[in-house]
Amino acid sequence: MSINYNPHNKSHFLLLQDYFPAVANWLKLRSYICMSARQLVLRQRAELLGALCCGGSSEGLESVLDLLLSWGMLFWEDYQNVRVPGRALCANTRVLLDLVYTKGDETCQLLLAAFKQVLPEAQRAGLSFGNCRTADLENTRDDTKELHGTAIQTLQTDRPGLVRRLKDHIEGALEVLLHTGSFTPSDCDEVQLLVYTPSQQARRLLDQVRSKGEPAAKVLLQYFQQTEDHPSPFNQEAPPKECLSYQKKLRSTVSAQSHFLSTYGGTSSLSLEDIYTEGQLELAQGGSEAQPQTGALGLEDVVGLVGTLNQEADTVLVSGEAGSGKSTLLQRLHLLWARGAALHDFFLLFPFSCRRLSSEQRELSLRELLFLHCCWPDGDQDRIFQFILDHPHLILFTFDGLDEFMQSFSDSEQRHCCPTQCAPVPTLLFNLLQGSLMKGVRKVVTSRPEAVGPTLKRYLRKEVLLKGFSPGGIDCFVRKYLRDPTVATRVLESLRNNTALLGLCHIPVFCWIVSKCYKELLGCGEGEGSPQTITDVYLMILQHFFQRRASQRNTMGIGWVQEHQDTALHLGQLAMEGLGASCYVFTGTELQKCGVTEEDICMGFLIRSEDLSSSTNCKHYEFLHITMQCFFAALYIVLNNNLDRSTIPKLFQPQDRQQQPGFHRVCLGHCLTQQEGALKEANTAAETPNLQITATFVSGLLSQRHRSLLLLSCPGPTLDRKSKQVVTCLSKGIQKHFKSIPRPVEGEKKSMHAMPGFVWLIKCIHEMQDSRIARDTMAKLEVEHLKLTYCNIGPVECTALAYVLQHLRNPVGLQLDYNYVGDVGVEQLLPCLHVCHSVYLRHNNISDEGIRKLIEKGIQCERFQKIALFNNKLTDACTECFAHLLKTKQNFLSLRLGNNNITAAGAGQLAEGLRFNRSLQFLGLWGNKIGDKGAEAIANALKDSQTLVWLRLTKNCITRTGVECLILALEGNTSVKAVWLRGNELSPEEVEEMTQREPRLTF
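Residues numbered from 1 in each chain as written. Predicted model: local features only at pLDDT ≥ 70, side-chain atom pairs only at ≥ 80, totals over all residues. Heavy atoms only, no water.

1. Regarding the nonpolar core
Counting 251 residues, the largest nonpolar core has Phe350 and Phe882 as the members making the most contacts within it. With 12 residues, helix 37 (residues 626–639) is the largest single contributor of residues to this core. In this view, phenylalanine 882 contacts Ile851, Ile855, Ile867, Leu869, Leu895, Leu897 and Leu910; residues no more than four positions away in its chain are not counted. Among the nonpolar cores identified, the runner-up in size contains 36 residues, and Leu65, Leu96, Leu99 and Phe129 belong to it. (Core = buried A, V, L, I, M, F, W, Y, C linked by side-chain atoms within 4.5 Å. Buried < 20%, exposed > 50% of the residue type's maximum accessible area, 1.4 Å probe, protein only. Helix = DSSP H or I, 4+ residues; strand = E, 2+ residues; numbered from the N terminus. Contact = heavy atoms within 4.5 Å.)

Shown next as structure tokens:
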């Protein structure tokens, strides 16, 4: 192709971009060189907007605002005009871009400098920042130092640093401000709203202090001064030069280990910096439904002070389901520390893999554990180790994959306190986590939730839940992985048209598979042929790897599973034996015993375990991911015609596995009958989740939708027999849960509190994709209330629940409080909304977008009458939907929106709906910010309401003015029985007076 390229001709540029994207990108950046900063902001407006909004978090925008305020480029009024609560992030960002553009070239130049400083490296790619030099920024900072005439000005010019320092000291600063009279309790509550991240709380505190004036600003600066007067021991003495040299070597080692994405083997060409996408982090609730949500957490909050429950403990647990990104999160922390970009409080970081520690047969001392498994010192080992012992608070240990450790922990574990005495590795590990050994060293442990028992949980400082990707995270990951914007857009469009697959992609490992297999995904089209279940997704990657090898010889036909049956059985046997022994790393000898050939290895499902291979001088292998090992074990169960008939029933009945030590030999069939006594009994806590995943895959593989694929590899009667066995097991398992339902107390509804095992069985039914099975299962469930709180319900589980629950014969109240449903999960639940008379979704990280879809569907469902959304991420933007609901559904009874971010504007919308509603009995707005104007709007609506019985306006910044409006409205309203107003801004005298005037008010 030959064209005379004209850089000003858009069609020429688009053509070049299609064929030579790298050249096009170079030419684009080259064309920016001569532009002014103002022109750059205008030309790159869409890219700048996308960079700050792609992840859905406002942290980037607020960080840019911090810098512009501190450099004196924005007035306080500008800041308030940009950061409008309740307005969409993209809208706020557009206002900032418009504002800066009008201020001229210098402000635009500093805006680009702020973007360059705030954006991660991957998001800076393709953007031009002009000629913003470090020296210019330093001059700007020097100029703003002249503004330090008042305390308020100091807070503004030092704002970025103050935010970083404040986020771990919010409670201390508030305590001082409250004690000095600078803040009221209401001010403190506003700062600590549960929808705020720690950084956002720090900014709100600074904003609140500014509004209070110079005295409050001086109190806060004095608080900072006092904390600086007590520096840490690390700042008081310089580490020995041997330790500094060791730190440098350790940083280099950790950086090298963390540079490329270590999970999903075979992706070693992916730079962690380029692909890393933040998952959703939240504090565990500790089993108390009354405990409020603390808000989203940042990566450094994992080891920070926020959420600490046990000050005496040193161990932080990061728990998440298989594939949720736990290992990648730790790897990111390691890389940030190694580069000096985070975790500045820790001088040394020692990373451990529990998978590798499980294979360590020697007894080791703590010293040997650190130096052999992490980094060997070049200098004086004694002095370095003594520094570690003397400064435990400067040391961080991380242990990845505790659920893969073969030994469970109990209080009967041998106590070991001596750092130089040798002991078995499990003894060292338990005593480190428990605190008997190296007390004061911070430890971060990752694990699946089920693998951490109550014994170990007693020694936790806090537990952090990793809940996978948000919708914005899915978008971000796909675009980073695929890199080609056109392909990424097509894949994302395909996901949006397939809500079941979109729900699966909230789990990072599934998102990776979908991104890796994009050709197969786009080739299967929409409808029944597109992936719907977890099994579909794993068959897609199986086909992808087989196709990659087959393409070197010929194309694969419809019998592609049969063509590679030997490989599937070899790897399946290896996977099954490994699960039976809680073994995830295999030697070459173990591969040979299962018939695994070099060609099987070249397929790509097994990867070299580099750490073990280099330390033992023999090759070790592991599966790409633990879920891949479970999938191959399931393939082995389905494709092996000589499998013991009791294998499937044993797989689905965990209580039988625990009672019969011989289960593993039975389950693994004939291949293990000659090895009796050689198999270790696995730790049940770690074993059960993997076998449940395997059972889920078995259910999916034996569904009718995959029968034609497997018929060429397995006789039809055998498939039918195994499929009937699965259906029988599922039916028995579900019936067992139904039989456990207690008889209701007289006057109460019959309810069932389901356990996580029930959810697993529901997921297995969904994998089979047989509506008859789902209908028969639900025919025997006769309850009015189904409670699934604290059951780790995410979008994947919501898809399965909706698939099964839609077949209920009678309406039910569905309670999903304290899970992580999110907006994607809400959309997955819509198919079963017609059988729900009430839906409880407290503390589920749901935003306005998710609620908009739910209400849109709920208006069409006659039975839908109640909803509870306490402690989510709702703003005024969703209240118009609720107002429409109230106007439309004249049988709606209860609306509970407590502890969100609804202001007077949102209360006005709700009041408008309430005026036209003739059925609502309960309205809860606890813990919002409706103020006097919102109270007045609701009071006016009460004059027309004839059904409302219960109104809760606790903690809503309401003063005497707002309460007077409510008292006036209640004079003509006889239906309301109680109005809750605790925690508002009234004096004790006002409370007493108003209680006497209107007894229905409760303070």
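On we go from here.
2. Description of the sheet that holds strand 17 (residues 950–952)
Pairing is parallel in the open sheet, where 10 strands are placed in the order 10-11-12-13-14-15-16-17-18-19. Taken across any chain shown, the strands that pair with only one partner, and hence form the sheet edges, are strand 10 (751–753) and strand 19 (1001–1002). Where strand 17 and strand 18 (residues 978–980) come together, 3 bridges link them in parallel fashion. The partner of tryptophan 950 across the bridge, within strand 18, is alanine 978. (Pairing = 2+ DSSP bridges.)

3. Brief notes about the environment of histidine 393
On the secondary structure map, histidine 393 appears in the loop between helix 23 (381–390) and strand 4 (395–400). The spacing of histidine 393 and methionine 438 is 45 residues in sequence and 9.7 Å in space, taken between C-alpha atoms.

4. Points about the packing of aromatic side chains
Taken as a whole and judged by the stated rule, the model has 30 aromatic pairs. Between phenylalanine 371 and phenylalanine 385, the ring centres sit 6.3 Å apart and the planes meet at 75 degrees, which makes this aromatic pair edge-to-face. Taken together, the residues span a long stretch of sequence, with phenylalanine 371 in helix 22 (residues 366–373) and phenylalanine 385 in helix 23 at a distance of 14 residues. The class for phenylalanine 385 is buried, based on a relative accessible area of 3%. Following the ring pairs from residue to residue traces out a cluster consisting of Phe510, Tyr538, Phe545, Phe546, Trp560, Phe586, Phe605, Phe623, Phe631, Phe632 and Phe697. Lying across the ring of tyrosine 101, arginine 38 places its NZ or CZ 4.0 Å from the centre. Positioned above the aromatic ring of phenylalanine 922 is the side chain of arginine 896, whose terminal nitrogen or guanidinium carbon lies 5.4 Å from the ring centre. (Phe/Tyr/Trp six-rings, centres within 6.5 Å; stacked < 30°, edge-to-face > 60°. Lys NZ or Arg CZ within 6 Å of the ring centre and 35° of its normal.)

5. Quick look at helix 46 (residues 795–805)
The element helix 46 is largely enclosed, with a buried count of 11 among its 11 residues. Along helix 46, the positions that sit buried rather than exposed are Pro795, Val796, Glu797, Cys798, Thr799, Ala800, Leu801, Ala802, Tyr803, Val804 and Leu805.

6. Regarding helix 13 (residues 170–179)
Ile170, Ala173, Leu174 and Leu177 are the residues of helix 13 that are buried. Seen from one end, helix 13 has its buried residues packed into an arc of 100 degrees, which puts them on one side. Facing away from the buried side of helix 13 by over 90 degrees, the exposed positions are Glu171, Glu175 and His179. Phi turns positive one or two residues past the end of helix 13, at glycine 181, with a value near 80 degrees. (Arc of directions from axis to C-beta.)

7. Some points on the pattern of salt bridges
What the rule picks out here adds up to 42 salt bridges. Here the residues in one salt-bridge network are Glu59, Glu62, Asp66, Arg159, Arg203, Arg204 and Asp207, joined through shared partners. (Salt bridge = Lys/Arg side-chain N within 4 Å of Asp/Glu carboxyl O.)

8. Some details on the packing of helix 47 (residues 822–829) against helix 48 (residues 848–858)
At their nearest, the axes of helix 47 and helix 48 sit 8 Å apart, and the two run at 10 degrees to each other. For the element pair helix 47 / helix 48, the angle class is roughly parallel. Between helix 47 and helix 48, the contacting residues are Asp823, Val826 and Glu827 on the first element and Glu849, Gly850, Lys853 and Leu854 on the second. By residue class, the composition of the contact of helix 47 with helix 48 is 2 nonpolar, 1 polar and 4 charged. (Axes fitted to C-alpha atoms, helices over the stretch in contact; angles between N-to-C directions. Parallel < 35°, antiparallel > 145°, perpendicular 65-115°, else oblique. Nonpolar A, V, L, I, M, F, W, Y, C, P; charged D, E, K, R; others polar.)

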